[in-house]
Amino acid sequence: NRVLQSLDSALAAVTLTEFDARSVPSVMYTRLNEHYRPAVELARLILRNTSFELEHGGVQASTFLVDMNQVFEDFVVVAMRDCLNTTDSSFPQGAAGRQLHLDAARRIRLRPDISWWIGSECVFVGDVKYKRIEDREIKHADLYQLLAYCVATRLPGGMLVYAAGADTEPAIHRVPLLERELEVCTLDLSAPPKQILDQVAKLCQRVWAWQQKRLSRLAAARLVKRAPSGVASFPTA
């Protein structure tokens, strides 16, 4: 959000110019502006309304693909990090720089999309999915994945964030045998940018609640560990 605001200020003096799709000017590249080439060429494609033409015979076309899963994940991570006022070290994407494994032999590496760390302790974990894709053989794979993250981090629960759609509804799934809660949340991307960021802020309130729950458990565990022998210990939450 801060980066976008700085860019908005930098571009405030730029004048909008309209071009006919048939006469978008080309750009001469030098060593000074070469690093802008990918963005400029992408913009030229958009301005020219480039698309496939369905005709008989050979087809020539220019197009580009956007990995919406990655775009959505990047947005959620950065927006949450901004809202919670954390850093990329304490709130890494894909658990970058952190060693998280499911098994004792440390062969099954886990890389949750979102996680919050205080020192070496993970206090929140979650995953981000642009769209739920069900496997015919394995139903609810996203929830199983989140459950694995919760078990590996010893957290009481975690959050699964989807882009809002007809096939996804907010819910909380309780797993009694493992004493875990899997919270499913959604972001309505059809809303204006300000409202989307307001939705992210509400998600961050839930993230903060999960973090506080973990810190409370850690504090209770430390009290139990410090209690002298023969003295009643405090039960963990």
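Residue numbers restart at each chain and count upward from 1, following the sequence in its written direction. Given that the model is predicted, a residue must reach a pLDDT of at least 70 before its local features are reported, and side-chain atom pairs must reach 80 or more before they are shown or counted; all residues, however, enter totals for whole chains, interfaces and linings. The basis for every side-chain value is the complete set of non-hydrogen atoms in the structure, without hydrogens or water.

1. What about the packing of aromatic side chains?
Geometry of an aromatic ring pair is reported as the spacing of the ring centres plus the angle between the planes.
Line of reasoning, step 1. Each pair of aromatic rings taken from Phe, Tyr and Trp, with Trp reduced to its six-membered ring, is defined by centres within 6.5 Å and is described as stacked if the planes are under 30 degrees apart, edge-to-face if over 60, and tilted in the remaining cases. Under the counting rule described, the total for this entry stands at three aromatic pairs.
Line of reasoning, step 2. On the basis of an interplanar angle of 65° and a centroid distance of 5.9 Å, the ring pair of F72 and Y130 is categorised as edge-to-face. Of the two residues, F72 sits in helix α3 (residues 68-84) while Y130 sits in the loop between β2 (121-129) and α4 (141-153), which places them 58 residues apart along the sequence.
Line of reasoning, step 3. A 1.4 Å probe rolled over the protein chains alone gives each residue an accessible area, and that area as a share of the maximum for its type sets the label: buried under 20%, exposed over 50%, partly exposed in between. Assessed through its relative accessible area of 3%, F72 is described here as buried.
Line of reasoning, step 4. Between W116 and W208, the ring centres sit 5.8 Å apart and the planes meet at 45°, which makes this aromatic pair tilted. Taken together, the positions of W116 in strand β1 (residues 114-118) and W208 in helix α5 (residues 193-226) put the pair 92 residues apart, joining distant regions of the chain.
Line of reasoning, step 5. Here W208 falls in the partly exposed class, since its relative accessible area comes to 43%.
Line of reasoning, step 6. These aromatic residues form a ring-pair network of at least three members: F91, W116 and W208. Numbering of helices and strands runs from the N terminus; a helix is a DSSP stretch of H or I covering at least four residues, while a strand is a stretch of E covering at least two.

2. Some thoughts on the pattern of salt bridges
Opposite charge on two side chains allows them to pair when their charged atoms are near.
Line of reasoning, step 1. In the sections that follow, a salt bridge refers to a side-chain nitrogen of Lys or Arg positioned within 4 Å of a carboxyl oxygen of Asp or Glu. By the definition in use, this model includes eight salt bridges.
Line of reasoning, step 2. Ionic pairing is found between R154 and E121, a salt bridge with its closest N-O pair at 3.5 Å. In this pair, R154 is assigned in the loop between α4 and β3 (157-163) and E121 in strand β2, connecting sequence segments 33 residues apart.
Line of reasoning, step 3. One salt bridge in this structure joins E121 and R214, with 2.7 Å as the shortest N-O distance. Of this pair, E121 sits in strand β2 while R214 sits in helix α5, and the two are 93 residues apart along the sequence. Here E121 and R214 have matching classes, each one buried.
Line of reasoning, step 4. One salt-bridge network, held together by shared partners, links E121, R154 and R214.

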